[in-house]
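So you can see what is in the structure, the chains are spelled out below.
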Amino acid sequence: MAFTIATTVDEALERLADGARPVAGGTDLVVGARQGKVPLPHDLVAIDRVDELLTIGQDDHGARIGAGVTHDRLLSNPLIVGDYTALADGAALIGSPATRHVGTIGGNVMNGSPAMDTGAPLVVLGARIELRSATTTRLVDPLELWTGPGTTSARTDELCTACLLPALPARTGSAYVRLEFRRAMEIAVVGAAALVRLDESGSVLDLHIALTAVAPTIMAVEGTEVLMGRTVDDNLTDQVAALASEQASPISDLRAGDRYRRHTVGVMARRAVQAAAQRAQGTMIDVPVNRAIGIGAAR
Amino acid sequence: MTQPSPTNLSNRLGYELEVNGVRYPITADAGRSLLSVIRNEVGLTGTKEGCDDCECGACMVLVDGRPVNSCSFLAAQCQGRSVTTVEGLAGDDRLHPLQQVLLDAGGVQCGFCTPGMLISTHALLTVNPDPNEEDVRIGLSGNLCRCTGYTNIVAAVLQATGTRESNAGAEPEA
Ligand SMILES: Cc1cc2nc3c(=O)[nH]c(=O)nc-3n(C[C@H](O)[C@H](O)[C@H](O)COP(=O)(O)OP(=O)(O)OC[C@H]3O[C@@H](n4cnc5c(N)ncnc54)[C@H](O)[C@@H]3O)c2cc1C
Ligand code: FES
Ligand code: FES
């Protein structure tokens with residue numbers, strides 16, 4: 001088995017071109033191998049010391065989050081918590097303190113699980129995923145990146161280098177909530193992210209919803225155009241819940257049945273829209289929303 | 001930092017691992033977990049193997065001060081970094097104050113989870129020296145205990161940090 005530690009993106013890309021697989025925190029890759037799901041790749045390149053992948057930056061166009069940024073940094077970074085709050089909500093729910101210290105956004109995105117907690121937030125925030133190989137650089141829509149449970153459209157010689165988030169207009173808020181049976185070391189039963197932009201009178205100018213763990217990949221809810229110009233009241237959130245439940249195509253597994261998932265994903269979508277709208281109006285709701293509104297067994 | 005050079009013949013890597021301030025020369029397969037190298041190559045057995053599956057936290061160590069489930073982290077990824085195990089918390093033959101308070105508060109029964117609990121507590125207190133009960137429960141949420149029911153562990157941590165608002169159960173004996 002071969003193992004190297006890259007310190008630059010170019011070094012990592014060279015190793016990928018030679019057939020090595022990247023390991024960041026290993027919380028999916030190494031843990032999966034321990035559970036015997038898939039053997040550890042026989043050629044690995046560690047990317048957790050590549051400085052270029054570790055920064056969170058901002059310019060007029062928006063934010064750039066290096067693929068190696070850990071969940072712990074996302075949930076405490078003032079830019080992410082302030083402007084891209086749904087992503088902080090998602091990062092704050094992942095695993096335990098140790099999982100959040102070690103696990104990265106790049107690993108979460110590239111692992112491609114339909115239950116990933118940064119996925120739905122990235123979709124509603126309008127993220128683009130930057131993929132680089134030794135010879136190419138491209139930006140992909142995350143919904144085109146994820147092709148099925150655990151699969152992506154990235155080539156094996158491509159490294160995810162960053163997640164790019166557009167600058168958001170004023171009076172925009174976002175939130176992510178997930179249904180969980182306990183408060184740590186849990187995987188989303190279902191989840192929903194929402195982004196809401198309001199005008200000065202409180203009418204909806206923009207509204208996006210994405211769902212976790214109710215389809216083979218993270219999915220966006222369609223048909224939210226009909227909600228434009230309305231105020232965020234019970235009528236609107238009922239309609240949100242209905243749209244989410246109708247469009248979900250959940251499976252039954254040991255965590256929940258399909259009917260339960262279909263119903264509860266509507267409830268999560270409703271709560272995500274309510275929280276996002278409150279944040280759009282400037283109301284502070286602590287990260288993660290789950291704790292603030294009491295989802296998850298008390299203790 | 002020394003770059004590891006993959007050796008083709010034996011599939012083994014040679015590197016140095018710093019544990020509790022001491023550098024150990026290691027020769028091991030690149031796929032070996034940090035836990036297995038700490039216990040079997042370095043020879044420090046305070047760090048426990050509960051599940052070997054990243055679920056229980058018995059194997060928790062600090063890598064550059066951050067909590068890591070060592071059963072599920074590659075040892076080779078730790079070269080050039082500093083690893084702290086439970087043995088590194090205490091001074092010469094004296095218990096770390098956290099260890100003493102955990103014992104006094106009845107936060108130790110079989111003791112198998114204790115090294116991991118101590119490491120997670122240490123990591124929490126480094127970033128938040130004055131946690132409330134909720135902070136402690138979140139800080140220890142990656143550590144399972146099958147004996148105590150957690151109450152006395154949480155109480156011990158709060159006592160160690162001097163937090164008085166604790167209603168985390170039985171008052172520890174003085
Ligand atoms: C106890 C536990 C609890 C967890 N809880 C949650 C949870 O609540 N929610 C959740 O979403 N996830 C959870 N996870 C899963 C995991 O922690 C996250 O998906 C994490 O973000 C993975 O990041 P990593 O850096 O550890 O990835 P790694 O394991 O290092 O990599 C994962 C995969 O992505 C590839 N990869 C990594 N980085 C890149 C890159 N930059 N470019 C291209 N490919 C790359 C690797 O080759 C591998 O295939 C949990 C895991 C554990 C062990
Ligand atoms: S032994 Fe590592 S988490 Fe259980
Ligand atoms: S004291 Fe026995 S597992 Fe915690």
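Only a predicted model underlies this, so the values are computations on that prediction, with no experimental measurement involved.

Q: Residue-level account of the overall build of chain B, with values.
A: Counting secondary structure elements, chain B contains 5 helices and 5 strands. The order of α-helices and β-strands along chain B, N terminus first, is β-β-α-β-β-β-α-α-α-α. Long-range contacts, defined as pairs at least 24 residues apart, comprise 52% of the intrachain contacts of chain B with a sequence gap of at least 6.

Q: Describe the confidence of the model for chain B, listing the residues and the values that go with them.
A: Residues and elements named next belong to chain B. On average, residues of chain B carry a pLDDT of 89, and 87% of them reach 70 or more. Counted against residues more than four places away or in other chains, residues 1–9, with its pLDDT under 50, gives 17 contacts. Considering only residues more than four positions removed or in separate chains, one finds that residues 164–174, a stretch of pLDDT under 50, has 14 contacts. Interface confidence for the predicted complex, given as ipTM, is 0.93, next to a pTM of 0.94.

Q: Could you give an account of the site of ligand 1, naming the residues involved and the relevant values?
A: Of all residues adjacent to ligand 1, which total 32 residues, the nearest are A:Pro22, A:Thr27, A:Asp28, A:His71 and A:Thr104. Looking at what sits near ligand 1, you find residues from chains A and B. Taking A:Ala24, its main chain carries an N or O atom lying 2.8 Å from an oxygen atom of ligand 1. At a separation of 2.6 Å, an oxygen atom of ligand 1 approaches a polar side-chain atom of A:Asp28. If ligand 1 stood free it would expose 980 Å²; the protein chains cover 92% of that surface. For the shell around ligand 1, the secondary-structure elements that each account for two or more residues are strand E2 (21–23), helix H2 (29–34), helix H7 (105–111) and strand E10 (159–166) of chain A. Among the elements that line the shell around ligand 1, the one with the most residues is H7(A), at 5 residues. In this structure, the shell around ligand 1 is formed jointly by two domains, domain 1 (49–166) and domain 2 (172–289) of chain A, each of which donates at least three residues.

Q: Talk me through the nonpolar core; I want residue IDs and the actual numbers.
A: Residue and element names in this part refer to chain A. Counting residues in hydrophobic clusters, the biggest one holds 38 residues, and the most contacted among them are Ile65, Leu87, Ile105 and Leu165. Listed by contribution, the elements that provide at least two residues to this core are strand E5 (62–66), helix H4 (78–83), helix H5 (85–93), H7, helix H8 (119–124), strand E6 (128–132), E10 and strand E12 (190–198). Of the residues forming this core, the biggest block, 5 residues, is contributed by H5. Among the domains, domain 1 (49–166) and domain 2 (172–289) are the pair contributing at least three residues each to this core. Core analysis: the next-biggest nonpolar cluster, separate from the first, contains 36 residues, Val190, Ala194, Leu198 and Val204 among them.

Q: How would you sum up the domain arrangement of chain B? Please name residues and give values.
A: All names here are of chain B. Segmenting chain B into domains produces domain 1 (6–88) and domain 2 (97–161). Each of domain 1 and domain 2 has a C-alpha centre, and the two are 23 Å apart. With 15 residues of domain 1 in contact, the opposing surface of domain 2 contributes 12 residues. Roughly 1000 Å² is buried in total at the junction of domain 1 and domain 2, and carbon and sulfur atoms are behind 70% of that figure. Summed over the three residues of domain 1 that lose the most area to domain 2, namely Met60, Leu62 and Val86, the buried surface amounts to 42% of that side. Inspection of the region where domain 1 meets domain 2 yields 0 salt bridges. One can count 2 residue pairs in polar contact (both at pLDDT 80 or more) joining domain 1 with domain 2. No other element matches strand E3 (residues 60–63), which puts 3 residues into the side of domain 1 that touches domain 2. Classifying every residue of the side of domain 1 that touches domain 2 by side-chain character gives 7 nonpolar, 5 polar and 3 charged.

Q: Describe the packing of helix H10 (residues 234–247) of chain A against helix H11 (residues 258–280) of chain A, with residues and values.
A: All names here are of chain A. The geometry of H10 relative to H11 is characterised by a closest axis approach of 7 Å and an angle of 140 degrees between their N-to-C directions. Of the possible angle classes, the one that applies to H10 and H11 is oblique. Seen along the crossing, H10 lies across H11 with a hand that is right-handed. Taking contact as the criterion, the partners of Leu236, Thr237, Asp238, Val240, Ala241, Ala244, Ser245 and Glu246 in H10 are, on H11, Arg262, His263, Val265, Gly266, Ala269, Arg270, Val273 and Gln274. Taken together, the residues that form the contact of H10 with H11 break down as 7 nonpolar, 5 polar and 4 charged.

Q: I'd like a description of the interface of chain B and chain A, backed by residues and values.
A: With 36 residues of chain B at the interface, the matching set in chain A holds 32 residues. Between chain B and chain A, roughly 2800 Å² of surface is buried when both sides are summed, and carbon and sulfur atoms account for 56% of that area. It is B:Pro67, B:Leu74 and B:Gln77 that lose the most area in chain B upon contact with chain A, and together they represent 17% of the buried surface on that side. Across the salt bridge formed by A:Asp48 and B:Arg81, the nearest N and O atoms sit 2.9 Å from each other. Every element with two or more residues in the side of chain B that touches chain A is listed here: strand E4 (66–69) and helix H4 (133–139) of chain B. A per-element tally of the side of chain B that touches chain A places H4(B) first, with 5 residues. Considered class by class, the residues forming the side of chain B that touches chain A number 15 nonpolar, 12 polar and 9 charged.

Q: Which residues make up the sheet that holds E5(A), and what values go with them?
A: Sheets are built from strands paired through backbone hydrogen bonds, the pairs being either parallel or antiparallel. Residue and element names in this part refer to chain A. Pairing is antiparallel in the open sheet, where 5 strands are placed in the order E4-E5-E10-E6-E7. The sheet is open, and its two edges are formed by strand E4 (56–59) and strand E7 (137–140), each paired on a single side. Pairs of neighbouring strands in the sheet enclose a mean axial angle of 25 degrees, with direction left out of account. Strands in contact with helix H1 (residues 9–17) are E6 and E10; relative to E10, the strand with the most contacts, it is inclined by about 125 degrees.

What counts, and where the lines are drawn
Residues numbered from 1 in each chain as written. Chains lettered and ligands numbered in written order. Predicted model: local features only at pLDDT ≥ 70, side-chain atom pairs only at ≥ 80, totals over all residues. Heavy atoms only, no water. Helix = DSSP H or I, 4+ residues; strand = E, 2+ residues; numbered from the N terminus. Contact = heavy atoms within 4.5 Å. pLDDT = per-residue confidence, 0-100. Near = heavy atom within 4 Å. Polar contact = N/O pair within 3.5 Å; in protein donor to acceptor, adjacent residues only side chain to side chain. Areas by Shrake-Rupley, 256 points an atom, 1.4 Å probe, with all protein chains shown as cover. Domains from an automatic or database assignment. Core = buried A, V, L, I, M, F, W, Y, C linked by side-chain atoms within 4.5 Å. Buried < 20%, exposed > 50% of the residue type's maximum accessible area, 1.4 Å probe, protein only. Buried area = accessible area lost by both parts, 1.4 Å probe. Salt bridge = Lys/Arg side-chain N within 4 Å of Asp/Glu carboxyl O. Nonpolar A, V, L, I, M, F, W, Y, C, P; charged D, E, K, R; others polar. Axes fitted to C-alpha atoms, helices over the stretch in contact; angles between N-to-C directions. Parallel < 35°, antiparallel > 145°, perpendicular 65-115°, else oblique. Left-handed = near helix turned anticlockwise from the far one by under 90°. Pairing = 2+ DSSP bridges.

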